[in-house]
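Chain by chain, the residues:
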Amino acid sequence: MAAISRLIVVSNRVSPPEHRKSGAAGGLAVAVAAALRQYSGFWFGWSGQTIETFTGELHTRRVNDVEVVTLDLEDADYQEYYNGYANGTLWPLFHYRIDLTAYERSFGEGYERVNRRFAAALAPLVQPGDLIWVHDYHLIPLGRALRELGVTNPIGFFLHIPWPAPQLLTTLPRHRQLVEALFSYDLLGLQTDEWLSAFEAYVLGEAGGSREADGRLRAFGRSVRAQAFPIGLDFGDFQKFARSRTADRAYDRMAAHSAFRAMIIGVERLDYSKGLEERLAGFEKFLEDNPDMVRKVLYLQIAPTSREEVEAYQDLRARIWALAGRINAAWADMDWAPIQYVNRTYSRVELAGVYRAARVGLVTPLRDGMNLVAKEYVAAQDPSDPGVLVLSRFAGAARQMHEALIVNPFSREELADALKRALAMERAERTRRWEALMDGLSRTDVHAWRDDFVAALKAARDGPA
Ligand code: GDG
């Protein structure tokens, strides 16, 4: 077999960290950048810019020793592929929100067109022996488009978000084509066994497929290895910058602000999958049920706005503003308001300090591929006095983080009860749970995730070493 010469990573947005161990970048970006340095490959994707007419011109630059190749998209691509099919169709559908899913034919056409454009720009750059790793729901048809252009290299795909149950997926026109496209890959990675089972259920039930003796799934005249690879945290780095001066300053600021009160923290992009409305309702129920706790807690919700061009996000923002405002108006006093709702972004380093100051980390998505905030909250805690993670059973992370308080985020009573229990938990129990959670985080960090995926991609083609 030819030696693997390079790794090519493809994702919609390309974001190598400006500094090698930048706390501002996400752990995924740090891990991918490290792999690209090791394999001297490049990161390929959309530049984030739109132009009037598509040219296919490539922009190549080096960022902190990582080669980055991007292309601009046309305005119609941005509307149909990015705002349309990716964020207006697949994102809600894959998060079990068929009520918010747009089933517009033009979006599907734009999606296919952009994937062909990506493939046409990428194919000439691929050399024999290269491994290609495609990320996320924006690029499901990319593997097939590359195969059509004659690319025979090993290609893997990792889905960061959930895979929906067949009953939901079949509401999508052309669902077969979408699944069939995944059979052009050698390896399909999903976050958890739950999403893997949902994928298998579609293949075996809906597509009339079968399982081969070596475990691969067979359908549409092809086979693919599908496997769960739960993404982890950049655990070592995160712990280091959680103790940095910037984190300490953020901690001091929050500790002073919440003096004599227990802080509850929530952090996520403003997205309907994150269960913010249900969480606010659960928090209000907690106030109603526990009059003795009123004025003794402070709920800080950091929720930077995202995808504001998609209507469902504008509606959500308006509803959350109204709900947080109403709860505050109903419960606040001259010198206290129960909810501090912040729409801006903070650096991950600052967030680490804020997490440490919070007695409870409230992570209650209605559906989430994994959820790294849950892992970051745990990793940022003070070992001598750790806080409690309250985690939705519908986050992929719940399948690993059993020592969190696991809740059903649709039930405001359960949320209220979990908050009460978390705030009352003795230090010994908090420590015991936290230590077990930390043990899991350290064993399954983002570097292990990346290495496992790349090794499985090699093995998917060559067979086990
Ligand atoms: C997708 C899947 C899966 C948040 N607020 C700020 C900020 N963040 C950072 C967090 C964390 C990241 O963004 C969010 O990651 P999540 O995993 O929680 O969620 P998604 O963005 O939905 O990511 C998810 C993930 O992919 C990885 O596979 O876990 O299920 O949906 O790192 O700290 N970062 C900064 N300022 C903020 O205000 N800088």
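Note that the structure is predicted; figures quoted are calculated from it, not measured.

Caption draft 1: Region of interest: the packing of aromatic side chains. This model, assessed by the stated rule, comprises 24 aromatic pairs. When the centroid spacing of 5.1 Å and the interplanar angle of 90° are considered together, the rings of Trp 163 and Phe 199 count as edge-to-face. Pair noted here: Trp 163 is in the loop between strand 6 (155-158) and helix 5 (166-169) and Phe 199 is in helix 7 (residues 193-206), with a separation of 36 residues, a long-range link. For Phe 199, a relative accessible area of 0% translates into the label buried. On the numbers, 5.1 Å between centres and 70° between planes, the contact of Phe 238 with Phe 241 is edge-to-face. Residue Phe 238 and its partner Phe 241 are located together in helix 8 (residues 235-242), separated by three residues, close to a single helical turn. Of the two residues examined, Phe 238 and Phe 241, each falls in the buried class. Through pairs of rings, three or more aromatic residues link up here, namely Phe 44, Tyr 81, Tyr 85, Tyr 111 and Phe 118. In this structure, Arg 367 packs its charged tip against the face of Tyr 96, placed 3.9 Å from the ring centre.

Caption draft 2: Focus on the pattern of salt bridges. A full pass over the atoms with the stated rule returns 38 salt bridges. A salt bridge links Asp 214 to Arg 225; its shortest N-O distance comes to 3.8 Å. Here Asp 214, found in the loop between strand 8 (210-211) and strand 9 (217-219), pairs with Arg 225, found in strand 10 (residues 222-228); they are 11 residues apart in sequence, far enough to count as distant. The exposure class of Asp 214 is partly exposed, given its relative accessible area of 42%. Among the charged side chains, a network of salt bridges with common partners joins Glu 74, Asp 77, Glu 80, Arg 113 and Arg 117.

Caption draft 3: Representation of the domain arrangement of the protein in the model. The domains assigned to the protein are domain 1 (7-232 + 446-458) and domain 2 (235-443). Computed from C-alpha atoms alone, the centre-to-centre distance between domain 1 and domain 2 is 30 Å. On the domain 2 side, the residues contacting the 28 residues of domain 1 number 25 residues. Across the domain 1/domain 2 interface, buried area totals approximately 2,100 Å², and carbon plus sulfur atoms make up 57% of it. Counting across the interface, domain 1 meets domain 2 through two salt bridges.

Caption draft 4: Quick look at the pairing of strand 6. Residues of strand 6 alternate between two faces, with Ile 155 and Phe 157 on one and Gly 156 and Phe 158 on the opposite face, all of them buried. Taken together, the four bridges between strand 5 (residues 131-135) and strand 6 define a ladder with parallel strand orientation. From the neighbouring strand, Ile 132 faces strand 6, where its bridge partner is Ile 155. Taken together, strand 5, helix 4 (residues 142-148) and strand 6 constitute a β-α-β crossover, and its handedness is right-handed.

Caption draft 5: Focus on the sheet that holds strand 14 (residues 360-363). Read from one edge of the open sheet, six strands run 13-12-11-14-15-16, paired in parallel fashion. Edge positions in the sheet fall to strand 13 (339-342) and strand 16 (405-407), since each has one partner strand and no second. Shown here is a sheet whose adjacent strand axes are inclined to one another by a mean of 20°, direction ignored. With four bridges joining them, strand 12 (residues 297-302) and strand 13 adopt parallel strand pairing. The residue of strand 13 that forms the bridge with Ile 302 is Val 342.

Caption draft 6: Here's a closer look at the site of the ligand. What surrounds the ligand is a group of 20 residues, the closest being His 160, Tyr 346, Asp 368, Met 370 and Glu 376. One nitrogen or oxygen atom from the side chain of His 160 is found 2.6 Å from an oxygen atom belonging to the ligand. Asn 371 is positioned such that a nitrogen or oxygen atom in its backbone is 2.9 Å from an oxygen atom of the ligand. Across the complex, the protein chains shield 83% of the 730 Å² of accessible surface that the ligand would expose by itself. Elements that contribute at least two residues to the shell around the ligand include exactly helix 12 (348-357) and helix 13 (372-379). Residue contributions to the shell around the ligand peak at three residues, all from helix 13.

Caption draft 7: Quick peek at the packing of helix 9 (residues 245-257) against helix 12. At a minimum axis separation of 7 Å, helix 9 and helix 12 run at an interaxial angle of 40°. It follows that helix 9 is oblique to helix 12 by the angle criterion. Pair helix 9 / helix 12 crosses with right-handed handedness. Taken together, the residues of helix 12 that come into contact with helix 9 (itself represented by Thr 246, Ala 247, Asp 248, Ala 250, Tyr 251, Met 254 and Ala 255) are Val 349, Glu 350, Gly 353, Val 354, Arg 356 and Ala 357. When its residues are assigned to classes, the contact of helix 9 with helix 12 shows eight nonpolar, two polar and three charged.

Caption draft 8: A look at the packing of helix 6 (residues 175-182) against helix 7. Contact pair helix 6 / helix 7: the axes reach a minimum separation of 12 Å and the direction vectors enclose 115°. Regarding the angle of helix 6 to helix 7, the classification is roughly perpendicular. Crossing geometry of helix 6 relative to helix 7 is assigned as left-handed. Packed against helix 6, whose contacting residues are His 175, Arg 176, Val 179 and Leu 182, the element helix 7 presents Phe 199, Tyr 202, Val 203 and Glu 206 at the interface. Along the lines of polarity and charge, the residues of the contact of helix 6 with helix 7 split into five nonpolar, one polar and two charged.

Criteria and thresholds
Residues numbered from 1 in each chain as written. Predicted model: local features only at pLDDT ≥ 70, side-chain atom pairs only at ≥ 80, totals over all residues. Heavy atoms only, no water. Phe/Tyr/Trp six-rings, centres within 6.5 Å; stacked < 30°, edge-to-face > 60°. Helix = DSSP H or I, 4+ residues; strand = E, 2+ residues; numbered from the N terminus. Buried < 20%, exposed > 50% of the residue type's maximum accessible area, 1.4 Å probe, protein only. Lys NZ or Arg CZ within 6 Å of the ring centre and 35° of its normal. Salt bridge = Lys/Arg side-chain N within 4 Å of Asp/Glu carboxyl O. Domains from an automatic or database assignment. Contact = heavy atoms within 4.5 Å. Buried area = accessible area lost by both parts, 1.4 Å probe. Pairing = 2+ DSSP bridges. Right-handed = clockwise from strand over helix to strand, strands pointing away. Axes fitted to C-alpha atoms, helices over the stretch in contact; angles between N-to-C directions. Near = heavy atom within 4 Å. Polar contact = N/O pair within 3.5 Å; in protein donor to acceptor, adjacent residues only side chain to side chain. Areas by Shrake-Rupley, 256 points an atom, 1.4 Å probe, with all protein chains shown as cover. Parallel < 35°, antiparallel > 145°, perpendicular 65-115°, else oblique. Left-handed = near helix turned anticlockwise from the far one by under 90°. Nonpolar A, V, L, I, M, F, W, Y, C, P; charged D, E, K, R; others polar.

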